[in-house]
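Examining the three-dimensional arrangement
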Amino acid sequence: MMIILLFILQIVSAALSAVQIGSLKSFSDISTSYNATQIGQSAGGVPINHVTVSESDSSKPRVGIICNVAGNSLTTVNFCMSFINDALIQKNLNPTLSKVNVHVVPTLNVDGLATAFVNPTNANENANDIDLNHAFPNLRSNSDYDKTKNEPEVNSIIDFLEKEQFQAVIIIGDNQTGLTFPLYHTLDKHEGIIDDKVHRETSKAAWARNPGLASSGCSVVVGQGSKVVPSDAGGSLEDYIYLKYSILTFHLDISCSRDASTDAYSENKDVLLELISAADKGLHGQVVTPDGTGVVGASVTAVESQGVKHTTYSRDGGYFWIPLSPQTYDIEISYGSYSDVSVPSLAVAERTQLPVTVLGDLSHPPNQHENYRTMNRTLNEIHQQYPDITRLYSIGQSVDRRQLFVLVIGKNPDAHVPGVPEFKYIGNMHGNEVVSRSLLISLIKLLCQNYGVDPQITHYLSTTRVHILPSLNPDGFENCHPSLDNSDNAGRPNAHFVDLNRNFPSRHGNNDVKREPETLAVIEWLKQHQFVLSANLHGGSLVANYPYDDTQPQSIGMYSQCPDDVTFKHVSKAYSYHHATMYQGHECSTDGSVVFEDGITNGNKWYPVLGGMQDYNYVYADCFEITIEVGCLKYPEAYQLPDFWSDNRAALLHFMYQVHQGLAGFVTDSNGQTVDGAEIHVLGISKTVKSGEDGDYWRLLAPGQYQVWCTKEVGDVPSKKRDTRRDTKRDTKRDTGVMKSRVVEIEVGEGRVEYNFTLYQEEAQWNETEHYIYKEEVLEKEEVERLVNISSKIIMMSDEERLEGVKVSFVKYDSEEPVAEAISCYINGEKVKEVIGTTASLLIDKPSTVEFRSESFYRATRFLKQSDKSVKVVLFPLPTSLIYHTQEEMMDVFARVIKKCPDISSNYSIGESINKTSLQVLRMSTGEGSKGAVNGHKQRIKLVGGIHGNEVVGRESLINLIQYLCAAHQHDDLIKKLLDNLDIHFLPQMNPDGFAVAEHGEWILGRANAANIDLNRNFPDRVAPRSAKLQPETFAVMKWTTDKSFTSSISLHGGSLVACYPFDNSDTGVNKYSGSLDDETFVFLTSSYAKTHPSMYKGENNCDDGDRFEGGISNGAAWYSLNGGMQDWNYLQAGTLEITIEMGCDKYPLPALLLQDYRDHYPSLIDFIKNSRQGFWGRVTDSAGSPIEGTLIIAPQIGINITVREDGFFWRIAAPGEYEFTVVAPGYQSHVHHVTVEKVDWLELPESINIQLLVGVEREAAAALADTRDLVVKRVVSFTVFIVLVLVMVGLAVLWRVTRTRNANIKAAHKSEFQGLIDNASDSENEF
């Protein structure tokens, strides 16, 4: 049934779209000569459209008609279609529609309409089973509401009403006949709403146009609708419109039937036209400024003699309408900082036009906090007083239609002047943080009054264009109150209760919320002006805050560094050190403690802000913006304002001067044409800025020495050539291709260096000398002498030294879809660029390892050369969720990996647990797979998880890492190289029995194996005897390790956040440092792991144990001593360098936290695998190239001798440094070798050491001795055999003699016994 409904829904939607809303009687009756406009979507995802049935004219009132609020009101849809047909096709309504603009929504409930075709009786609701006429915010009981919780249809109509600013709205209903309007007397506490007298008179006049409806048998009395009864009033569309906008609102019920075949149009047409015409009744007029410009948002109020007020606002063009019943009113008109206009005792007839109202003279503001009206009045007054250096404009409106006024100050305020930077200040973003309003207005006065008087300010305003927006959130300000403890947050958000500093697009693309009018105004403002530097003034603290404001994923307290971190610190200190106290860093503390060093802070380090304005400015608009907390009180008393001004005055000025810090100039091509959109590059800083429309650019930089260049990808498009003699421009054309400048080295001091870039086609030869101009900036009077001494130098690079660009495109694995998100580019480990887009251009001057990092994808590594022109980088999405795998599910993963990557993977078992669960290993190495062969140069490493069954992060991390290596090995240069050169063995679960019983939140359960033995206390120990019988899991790992001759290993644990290395115990068993001769190498391995992790390196594990680890690493015994540990046995008995990683405080985290742990650790795990190649390796043979059995490598600097493998290969992990080792073998001359170990390259192997041992003199003697030994052994054996034979013969002779004597004695005994028997028998016979 649902499939059928959805199918019908799509058919109806398609029909509405195809014919721009057709009639239910016949869609084909409506011509396609007019267009429908979508205003939103239904809950079922179907478009909601509206049709304009008269020409748009801002001088005419607007009327909205809304039909089909109840989905089964088929009659209303037919009614509206007939009206549209009459107006647009038949042209029958021209006299009425010539006076108004009418907008029709034929069906609001498109979901219910589709259902009505199948079952009309159950189609009242939308797709979410919600009655839309009870779904609107109930403003009668609560003026606050959360728009995000509304139905989609509700929000569509709300947006529609706010956009069109109607003077009247008519809702068409059915199932009865009648005409209702909202009730007034229950709202007498609300000021500014329309009297019900106008509704009543209009309704009666309209109803009289069709008297037959009153006898229809289902009619209601004309008047207040039954919908206003408390039990039925909640959430009606009629009440919402009336209370929200104070406009005429009617509900016209046209028929007792809801049948689509019912023709209710002819009966109700005249009623509708009468209601439409009411929008033009009452008082109307126009409000303009003295120069004749129409004013949007002027307040127009008509006051009755009884004091009842009727208020509206002028819309586009300055036009307004107030529906009024005929009587006398006092009219009051106000707008911003203009003086009020009053028209007393105006007699209003049915239609009265007020003469054009010209706003009058200015008045001076009071000495207190300035509200919206007085603030704007002050801005207008200043503009009128200084018209030559100021310009007043609005960037948009607030939610409550207050203008967002900006005052421009400068020598040329009306338009951008090439070469003159644009600066801005923004205040009052949070409405209850009000100090910034007063500060900025005082700053405006200071700048204007001192232009032409103070040389410093005059110079600055002659070379800079300053934009000041005192209040971004005027609605919030009007709702806030003074608070001496900052506890009152009223007015912080805008009128929609949205925090504007959380409403901007995030640099990660993860702030997908509806943009507020104030936010959109700023975004559009940034598009219109090429701002260079900006500050957003807040209150409630005392610090200068710079980007970034967030991280992805969110991490509280983490320093989130942007590419221009050094420059942001420089300009932030320019403010803090010119503030009276901010530089001390005390913030608002009373104990004198330093909270913010130098009075500045990284945004996310302080606290994360997602969707903040300063990050948006920097990332998307190339505007360097910081956020300044100007004082500890958000809303102080008025008498305290002079102190705030005194503290911030110098800082406000000095920060503005920073707009001239760094590089500035023009970009032209070789023909002198200015180039817009050219990118200015700085070596080592991934952020680029672009030249403006006139080719001018500004690149803020802290003092220092920089290599800079400029590039531009151009098409066959017009460009402008500057004529410096006449200051005119002429259009020319430029060839397609890539243009580049030379790379220059420039020293930047305090102030600005002017440098003009010249671009050349890529294949062109540079045959002219570029020039630069150093221009001194008068930033502070006392700095002039110092600035004169600043020098700048430029070192030209030859053509051969030019950096070549490699165009990199980013695509998603499997789908090949372009990837567009923030991606940081690292060349040879140094961050050089951050891009937001599907492509990047990298400058490669030598073969380099390039790594690409982003929030949503695994790190990708490519090896790029100068000759590369275009490279595709495949990015693999990081998992968005993780699950815990059972043993069977883990084996399924293994099977899938082997099936997908048969050439690099295979698996095997190393034994069983006590409960007979197989200990399964997955092996990965390029070119072998299930064949099992390993090339001689490959060393074996292992990664082990789950030695404690309840510490599960390592287990799942290895399972996911295995899958990534399989997918990436053909696309990622690093992964491919690692698998080419290493034989990697993964044992995700060493203790499967423990894992089987472990649970989330249990600290002990599942730690031990099934015999309740801690496996990490069960290995043979160097100090103490084993405390328990060797367990099958322990024995399996020991045999596996010795059989495979692993060179390095990592064991993954949980419960803390640290990387540990041997030894795990001390000689005395106490907790103290117990190091080995390989300490330097172990520290290298663990430190590298910790530094690659986003937080481990800080040493603050944030666990409840209070442990702190310098650099995020620790010697095992120094942390706590344990006997029988696996890492010590690996090192001492198997020669395997093993480290132990504690992966987090939670041993068995929830799946959501497990995901974050994996994202944090996978780069470190890959780093460990890479570092397994750190050290030296090679092969030992004799002069014939054959391996030598029993060869040892002895290195006094390292702890364990190296046993050369049977095929002659050896490996030794070692930290960077100088090493000497001796190779010894029986019968061969020993060999001493020196080696320098460098830090391993990400993609290259250390150089192989090949050693041939020569036969020694002692070997011949040994051979002769061996021959003699053989001869002696033979003779000894022969003699021994002879002696044995003699002894055997003697023994046999003795045995024969003994046996003969014994037999003779037995025979004699038997003879005597027999004789006795005979004698006895003779005696018996005689007796008988």
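Values in this document were obtained by computation on a predicted structure and should not be read as measured data.

Each value, and the rule that gives it
Residues numbered from 1 in each chain as written. Predicted model: local features only at pLDDT ≥ 70, side-chain atom pairs only at ≥ 80, totals over all residues. Heavy atoms only, no water. Helix = DSSP H or I, 4+ residues; strand = E, 2+ residues; numbered from the N terminus. Buried < 20%, exposed > 50% of the residue type's maximum accessible area, 1.4 Å probe, protein only. Contact = heavy atoms within 4.5 Å. Areas by Shrake-Rupley, 256 points an atom, 1.4 Å probe, with all protein chains shown as cover. pLDDT = per-residue confidence, 0-100. Phe/Tyr/Trp six-rings, centres within 6.5 Å; stacked < 30°, edge-to-face > 60°. Lys NZ or Arg CZ within 6 Å of the ring centre and 35° of its normal. Core = buried A, V, L, I, M, F, W, Y, C linked by side-chain atoms within 4.5 Å. Expected span 1.5 Å × (residues − 1). Polar contact = N/O pair within 3.5 Å; in protein donor to acceptor, adjacent residues only side chain to side chain. Disulfide = S-S within 2.5 Å.

Some words on the overall build of the protein chain
For the protein chain, the count of helices and strands is 29 helices and 60 strands. Relative to its 1328 residues, the protein chain shows a buried fraction of 56%. A sequence separation of at least 24 residues applies to 72% of the contacts in the protein chain between residues at least 6 apart. Total accessible area computed for the protein chain in this model is approximately 56200 Å², and 51% of it derives from carbon and sulfur atoms.

So, the confidence of the model for the protein chain
Per-residue pLDDT for the protein chain has a mean of 80; in total, 80% of the residues score no lower than 70. Low pLDDT, under 50, characterises residues 716-735; the stretch is placed with 45 contacts to residues that sit more than four places away or in other chains. Taken together, the stretch residues 1257-1262 has pLDDT below 50 and engages in five contacts with residues farther than four places along the chain or on a different chain.

Thoughts on unusual backbone geometry
With omega at -5°, the peptide bond leading from Pro547 into Tyr548 counts as cis. A cis geometry characterises the amide bond from Pro1062 onward to Phe1063, with omega recorded as 5°. Checked against the element boundaries, Phe1063 lands in the loop between β51 (1056-1061) and α25 (1079-1092). One non-glycine residue, Arg401, adopts positive backbone phi at about 65°. When its relative accessible area of 23% is taken as the criterion, Arg401 is described as partly exposed. Of note, the phi angle at Asp598 is positive, near 65°, even though the residue is not glycine.

Looking at the packing of aromatic side chains
Within this structure, the stated rule accounts for 45 aromatic pairs. Centre to centre, the rings of Phe1176 and Tyr1219 are 6.2 Å apart; their planes meet at 50°, and the pair counts as tilted. Separated by 43 residues along the polypeptide, Phe1176 in strand β54 (residues 1175-1181) and Tyr1219 in strand β58 (residues 1217-1224) bring together distant segments of the chain. You'll find Phe1176 and Tyr1219 in the same group, each marked buried. Among the aromatic residues, those joined into a cluster by ring pairs are Tyr813, Tyr858, Phe876, Tyr964, Tyr1158 and Tyr1162. Looking at Arg853, its charged tip hangs above the ring of Tyr826, at a distance of 3.9 Å from the centre. The ring centre of Phe995 lies 3.8 Å from the NZ or CZ of Arg955, which sits over that ring.

As for the nonpolar core
If you look at the biggest cluster of nonpolar residues, it comprises 95 residues, and the most contacted ones within it are Tyr425 and Leu443. For Leu443, the contacting residues outside a window of four places in its chain are Tyr425, Ile468, Trp645, Leu652, Leu653 and Met656.

Notes on helix α10 (residues 372-385)
The end-to-end C-alpha distance of α10, which contains 14 residues, comes to 20 Å, matching closely the 20 Å that a straight helix rising 1.5 Å per residue would cover. Buried residues dominate α10, accounting for 10 of its 14 residues. Along α10, the residues classified as buried are Tyr372, Thr374, Met375, Asn376, Arg377, Thr378, Leu379, Asn380, Glu381 and Ile382. Taking the backbone nitrogen of Arg373 as reference, a side-chain oxygen 3.2 Å away marks Asn371 as the first, capping residue of α10.

A look at the state of the cysteines
Put plainly, two cysteines are in a disulfide when a covalent bond ties their sulfur atoms together. Within the structure shown, the criterion is met by three disulfides. Linked covalently through their sulfurs, Cys67 and Cys80 form a disulfide whose S-S length is 1.6 Å. Remark: Cys80 occurs in helix α2 (residues 74-89) and Cys67 occurs in strand β3 (residues 62-67); sequence separation between them is 13 residues. On the accessibility criterion, Cys67 (0% relative accessible area) is buried.

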